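Results of the structural survey
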Amino acid sequence: MQKTIIPFGPQHPVLPEPLHLKLTVEDEVITEVIPALGFIHRGLEMLANIRDFHQIIQVVERVCGICSMIHAMCYCQGIEEMMGIEVPLRAKFLRIIWSELNRIQSHLLWLGLFADSFGFESLFMQFWKIREKILDINEATTGNRVIVSVSVIGGVRRDLNSEQMRWILEGLSWVEDEIGRLETTLLSDYTVKKRTVGKGVLSREKAFELGAVGPTARASGIAQDMRMLQYSSFDGLGFEPVVETEGDCYSRSRVRFQEVFRSVDLVRQAAGKIPAGEVRIKVKGRPEGETISRAEQPRGELFYYIKANGTKNLERLRIRTPTFANIPALLSILPGMWLSDVPVVVLSIDPCISCTER
Amino acid sequence: MFKMTPNVMRNLFHKKATRRYPRQIRPTFENVRGALFNEIAKCTFCGACAIKCPSQCISVDKKAGLWIYDLFACVFCGICVDICPAESLHQQSEHRLPLPGRETIMLKAEPKQKIEKTTKIPKEERDDSKD
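This write-up is about the structure you can find in this document. (Residues numbered from 1 in each chain as written. Chains lettered and ligands numbered in written order. Predicted model: local features only at pLDDT ≥ 70, side-chain atom pairs only at ≥ 80, totals over all residues.)

Thoughts on the overall build of chain B
The following threshold applies: In DSSP terms, a helix is any run of H or I states spanning at least four residues, a strand is any run of E spanning at least two, and both are numbered starting from the N terminus. Our exposure labels follow a C-beta count within 10 Å of each residue's own C-beta, placed from the backbone: buried means 20 or more other C-beta atoms, exposed means 12 or fewer, and partly exposed covers the counts in between. Placing a C-beta atom from the backbone of each residue, one calls two residues in contact when those atoms lie within 7 Å.
Broken down by element type, chain B carries 4 helices and 5 strands. From first element to last, N terminus to C terminus, chain B shows the α and β order α-β-α-β-β-α-β-β-α. A total of 131 residues make up chain B; the buried ones form 17% of that total. Long-range pairs, those at least 24 residues apart, make up 72% of the contacts in chain B with a sequence separation of at least 6.

Spelled out as structure tokens, the structure:
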């Protein structure tokens, strides 16, 4: 059979962002995949050499719009660790609340896009309808809808009063109910199962070997979640990662679907345990030394390497985003698949190319 | 096979999730970071906003009394509003309307005279007075 090379992307109806895959096919079965990246490189890491280290928060938030809060939180944690700043406990809890809201809206966005990837347009609309509520909560509590810009070095910029907290929890109960209604549609519908079960299987060994992170790794049975570490004050909250064992597209969607409930639960716990007190402390001095900081993004483990030399500009900022770690896993599961399954499998790792290219 | 049907039936008889936008506008929330404006009469042209702005959309000319704001470079983070010592910068809860072309806002006012500081007391004298 003659080999044919089919370009997939960078502009493709199923892809929210430009990822180019060169697919070598033999009679509709993929034999080789070569990725090409670099369509939306913005050089944000280099801005660290030009901008003040406080201003970098707004820069890293724009690495990825969907997980902006977690990028900012991870960066702030790194700088705080380097400067020896003890953040008020209330600020830590507020960061958790906003980052979990961020995770919920990111997962809902993905669940919608995933439904769209196998042609289930009405399910896509349903998920995005629910997501709108989370964006409203973000807008009312932080001031912005997606790039919330509340995290600062030394705490957070806004506080939540008890009425706002109650309103958030009411909103989340509505979200939980609405998503619960879609559970049977997404997880036990015949057509959905036909398109997802057994497609793009990533075994536990392979996931470990290729360094997969986040829901992609958790769907293959690796219970790895940065929230389990003592990151912020999650240790005060009951948290168990969602783990599935099959490693196919269906498990990956299941993991993300269950994680939405887990995040709602975490917000509830955080709202119940949040202590009173100040939310921001004054920061004096400049960072010096080097540090690494890790946080769990909706797509997996986020890694920051920060090097500072005592001036107002950082010497080096390196960001390793989860999609970068998941691309090798994606490339390993694509060969042997039918061409028609490529959109579903590519979307199943939740590719965030803006993150990857920064 | 018809898992979505109950949801479809519910949606048929419930009110719409969307609004008819230009006719029906959702009221904005409080403290939303919307359009930025400067009460130029209060402005002291200290330039703190221009220094702190992460997108560098503000420039200040103290001598000429000019405050220049690039609307399209602004990311609406609200940092300038937080740090403005004269409290002349504000953010409305409404977002700015779309514009047909790139625009900058240039505000001009007489720069305020420097407030005369009270004469400094030499350190030794101050220490003496404490005692």
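A closer look at the packing of helix α3 (residues 89-117) of chain A against helix α4 (residues 121-142) of chain A
Residue and element names in this part refer to chain A. Inclusion rule: The angle between two axes is taken between their N-to-C directions and runs from 0 to 180 degrees, where each axis is a line fitted to C-alpha atoms and a helix contributes only its stretch in contact. By definition in this entry, angles of less than 35 degrees are roughly parallel, angles greater than 145 are roughly antiparallel, angles of 65 to 115 are roughly perpendicular, and the rest are oblique. In this scheme the handedness of a crossing depends on how the near helix is turned from the far one: anticlockwise by less than a right angle means left-handed, clockwise means right-handed. Amino acids are sorted into nonpolar (Ala, Val, Leu, Ile, Met, Phe, Trp, Tyr, Cys and Pro), charged (Asp, Glu, Lys and Arg) and polar (every other residue, Gly among them).
Axis separation between α3 and α4 bottoms out at 8 Å; the angle between their running directions is 160°. Classified by the angle their axes make, α3 and α4 are roughly antiparallel. Viewed along their axes, α3 and α4 form a crossing whose handedness is left-handed. Taken together, the residues of α4 that come into contact with α3 (itself represented by W98, L101, I104, Q105, L108, L109, L111, G112, L113, A115 and D116) are E121, L123, F124, F127, W128, I130, R131, I134, L135, I137, N138 and T142. Split by residue class, the contact of α3 with α4 holds 16 nonpolar, 4 polar and 3 charged.

What to know about the packing of α4 of chain A against helix α5 (residues 162-188) of chain A
Residues and elements named next belong to chain A. At a closest axis distance of 10 Å, the pairing of α4 and α5 adopts a crossing angle of 170°. On the basis of their axis angle, the class for α4 and α5 is roughly antiparallel. Along the contact surface, α4 presents L123, Q126, F127, I130, K133, I134, I137 and T141, while α5 presents Q164, I168, G171, W174, V175, E178, I179, L182, T185 and L186.

Brief notes about the interface of chain B and chain A
Often the size quoted for an interface is simply the accessible area lost on bringing the parts together. Counting from both sides, the interface comprises 15 residues of chain B and, opposite them, 19 residues of chain A. When the residues that make up the side of chain B that touches chain A are grouped by side-chain class, the tally is 9 nonpolar, 3 polar and 3 charged.

Brief notes about unusual backbone geometry
Residue and element names in this part refer to chain B. A positive phi angle is found at F76, which is not glycine, with a value near 55°. Structurally, F76 can be placed in the loop between β3 (66-70) and α3 (79-83). Even without being a glycine, E87 presents a positive backbone phi close to 55°.

Side note on the nonpolar core
Just so we agree on the cut-off: When buried Ala, Val, Leu, Ile, Met, Phe, Trp, Tyr and Cys residues are joined through C-beta atoms within 7 Å, the set is termed a nonpolar core.
One finds I56, Y75, L94, I97, L108, L111 and V345 of chain A to be the most contacted residues of the largest nonpolar core, which totals 103 residues. For this core, the leading source of residues is α3 of chain A, giving 14 residues. Leave out the neighbours within four places in its chain, and L108 of chain A touches F127, I130, R131, I134 and V260 of chain A. Among the nonpolar cores identified, the runner-up in size contains 16 residues, and C43, C49, Y69 and C80 of chain B belong to it.

Let's talk about the environment of F120 of chain A
Residue and element names in this part refer to chain A. Take F120: it is sitting in the loop between α3 and α4. A tally of 21 C-beta atoms within 10 Å means that F120 is categorised as buried. Sequence separation between F120 and V192 is 72 residues, and the spatial gap between their C-alpha atoms is 8.4 Å. Setting aside residues up to four positions removed in sequence, F120 forms contacts with A115 and V192.

A look at the sheet that holds strand β6 (residues 288-297) of chain A
Residue and element names in this part refer to chain A. What counts is decided by this rule: Think of it this way: DSSP has to see at least two bridges between two strands before they count as a pair.
If you trace the 3 strands from one edge of the open sheet to the other, you get β6-β7-β8, paired in antiparallel fashion. Edge positions in the sheet fall to β6 and β8 (314-320), since each of these pairs with one other strand and no more. Sheet twist, expressed as the mean angle between neighbouring strand axes with direction ignored, is 10°. In this sheet, β8 lies alongside strand β7 (residues 300-309) in antiparallel orientation, the contact comprising 6 bridges. Paired with F303 across the two strands is R320, which belongs to β8.

Points about the sheet that holds strand β2 (residues 20-26) of chain A
Residue and element names in this part refer to chain A. Spatially, the 3 strands line up as an open sheet ordered β1-β2-β3, and their pairing is antiparallel. Among the strands making up the open sheet, the edge pair consists of β1 (4-8) and β3 (29-36). Within the sheet, the average angular offset between the axes of one strand and its neighbour, ignoring direction, is 25°. Across 7 bridges, the pairing between β2 and β3 is antiparallel. If you follow L23 over to β3, its bridge partner there is V33.

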